[in-house]
Amino acid sequence: MKQIRIGQGYDVHQFVPGRKLIIGGVHIPYQKGALGHSDADVLIHAICDALLGAAALGDIGQRFPDNDPSLKDISSLIILEKVVSMLKEKGYYFGNIDSTVILQSPAIKNHIPEMRKKIAEIMGIDVSDVSVK
């Protein structure tokens, strides 16, 4: 049996015009989006970093480098699926996720239930075990 492990992750992306804003796998209507090689989903990236860190498997940049053309514009939900698969192969399972998004705007509170649902589905845990603040 694996011991209890806790990971911490964070991510930051610059807002730019001409990109969709994706947070927690959800499109948030806004005049700008996050700049990045993938869909630049800061919430999912932070969760992936926390999971990888808890298992001592590096970070998202090492596992999914921004110079890999196969990852160009990839949904970060696919990256999360791959991270979850990696950890399950190592015998890990997930208890809960607690996450925080820091933005001045746009407001995301109306999108949080959908974010929680998507994250829970991919991780194979109950939505009540996923917190997005």
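In what follows, the structure referred to is the one given above.
No experiment lies behind these values; they were computed from the predicted model shown.

*Asks:* Would you mind showing me how to read the pattern of salt bridges here?
*Replies:* Where charged atoms from two side chains of opposite charge come close, those side chains can pair. Within this structure, the stated rule accounts for four salt bridges. Across the pair Asp73 and Arg19 runs a salt bridge whose closest N-O atoms are separated by 3.6 Å. Here Asp73, found in the loop between helix H2 (60-63) and helix H3 (76-89), pairs with Arg19, found in the loop between strand S1 (15-17) and strand S2 (21-23); they are 54 residues apart in sequence, far enough to count as distant. Among the residues examined, Asp73 registers a relative accessible area of 48% and is labelled partly exposed. Across the pair Lys72 and Asp73 runs a salt bridge whose closest N-O atoms are separated by 3.9 Å.

*Asks:* Is there a simple way to think about unusual backbone geometry in this case?
*Replies:* Leaving glycine aside, a negative phi is the common case for residues, and trans is the common case for peptide bonds. For the bond from Ser105 to Pro106, the omega torsion is 5°, close enough to zero to count as cis. Of note, Pro106 is situated in the loop between strand S5 (97-99) and helix H4 (112-123). We note that Ala40 has phi near 60°; this positive angle belongs to a residue other than glycine. Residue placement: Ala40 occurs in the loop between strand S4 (32-34) and helix H1 (42-54). Overall, the relative accessible area of 1% leaves Ala40 in the buried class.

*Asks:* Sorry if this is basic, but what is going on with the packing of H3 against H4 here?
*Replies:* Helix packing for two helices is described by the angle between their axes and how far apart those axes are. With their axes 9 Å apart at the nearest point, H3 and H4 run at an angle of 35° to one another. The handedness of the crossing between H3 and H4 comes out as right-handed. On H4, the residues touching Leu77, Leu80, Glu81, Val84 and Lys88 of H3 are Lys118, Ile122 and Met123. Taken together, the residues of the contact of H3 with H4 sort by class into five nonpolar, no polar and three charged.

*Asks:* Could you clarify how one ought to interpret the nonpolar core in this entry?
*Replies:* If you look at soluble globular proteins, the nonpolar side chains tend to sit buried side by side. Leu51, Leu80, Val83, Leu87, Met115 and Met123 are the most contacted members of the largest nonpolar core, which has 37 residues in total. Mapped onto this core, the elements with two or more residues apiece are S2, strand S3 (26-28), H1, H3, H4 and strand S6 (130-132). Aside from chain neighbours lying at most four places away, what touches Met123 is Leu51, Leu80, Val84, Lys88, Phe94 and Ile97.

*Asks:* Got a minute to help me understand the side chain of Asp41 in this structure?
*Replies:* Mapping Asp41 onto the fold places it in the loop between S4 and H1. No salt bridge is formed by the buried Asp41; its nearest oppositely charged neighbour, Lys118, is found at 8.7 Å. Residues contacting Asp41, with those up to four places away along its chain left out, are Asp11, Ile22, Ile23, Gly24, Gly25 and Ser76.

*Asks:* It is not clear to me how the packing of aromatic side chains should be interpreted in this structure. Could you clarify?
*Replies:* The geometry of an aromatic ring pair is captured by two quantities: the separation of the ring centres and the angle between the planes. Scanning the model with the defined rule gives one aromatic pair in all. Taking the centre distance of 5.6 Å and the plane angle of 50° together, the rings of Phe15 and Tyr30 count as tilted. Of this pair, Phe15 sits in strand S1 while Tyr30 sits in the loop between S3 and S4, placing them 15 residues apart in sequence. The exposure class of Phe15 is partly exposed, given its relative accessible area of 27%.

*Asks:* Hey, could you run me through the environment of Ser76 in this one?
*Replies:* Turning to its location among the elements, Ser76 is positioned in helix H3. A residue is classified by how much of its surface remains accessible, and Ser76, at 0% relative accessible area, is buried. Considering only alpha carbons, one finds Ser76 and Leu43, 33 residues apart in sequence, at a separation of 9.2 Å. With residues near it in sequence (within four places) discarded, Ser76 still touches Ser38, Asp39, Ala40, Asp41, Ile44 and His45. At 2.8 Å, the side chain of Ser76 and the side chain of His45 are in polar contact.

Calculation rules
Counting restarts for each chain: residues are numbered from 1 in the order of the written sequence. In view of the model being predicted, local features appear only for residues whose pLDDT reaches at least 70, and side-chain atom pairs are presented and counted only at 80 or more, with totals across whole chains, interfaces and linings using the full set of residues. Side-chain figures throughout are based on the complete set of non-hydrogen atoms in the structure, without hydrogens or water. The salt bridge criterion pairs a side-chain nitrogen of Lys or Arg with a carboxyl oxygen of Asp or Glu, the two atoms within 4 Å. Runs of H or I in DSSP of at least four residues are treated as helices and runs of E of at least two as strands, each being numbered from the N terminus. Categorising residues by exposure relies on relative accessible area from a 1.4 Å probe, with only protein chains included: less than 20% of the type maximum marks a residue as buried, more than 50% marks it as exposed, and the intermediate range marks it as partly exposed. Angles run from 0 to 180 degrees between N-to-C directions of axes, and those axes are lines fitted to C-alpha atoms, restricted for helices to the stretch in contact. For any pair of crossing helices, the crossing counts as left-handed if the nearer helix is rotated counterclockwise from the farther one by less than a right angle, and right-handed if it is rotated clockwise. Should any heavy atoms of two residues lie within 4.5 Å, those residues are counted as being in contact. Three classes are used: nonpolar for Ala, Val, Leu, Ile, Met, Phe, Trp, Tyr, Cys and Pro, charged for Asp, Glu, Lys and Arg, and polar for all others, with Gly counted as polar. Take the buried residues of types Ala, Val, Leu, Ile, Met, Phe, Trp, Tyr and Cys, join any two whose side-chain atoms come within 4.5 Å, and each joined set is a nonpolar core. All tallies of charge rest on Lys and Arg as positive and Asp and Glu as negative; His and the ends of each chain are not included. Think of it this way: a Phe, Tyr or Trp ring, Trp meaning its six-membered ring, pairs with another when their centres are within 6.5 Å, and the plane angle makes it stacked under 30 degrees, edge-to-face over 60, tilted otherwise. Two N or O atoms count as a polar contact when they lie within 3.5 Å, although within protein this holds only if one can serve as hydrogen donor and the other as acceptor, and sequence-adjacent residues are included solely when both atoms are side-chain atoms.

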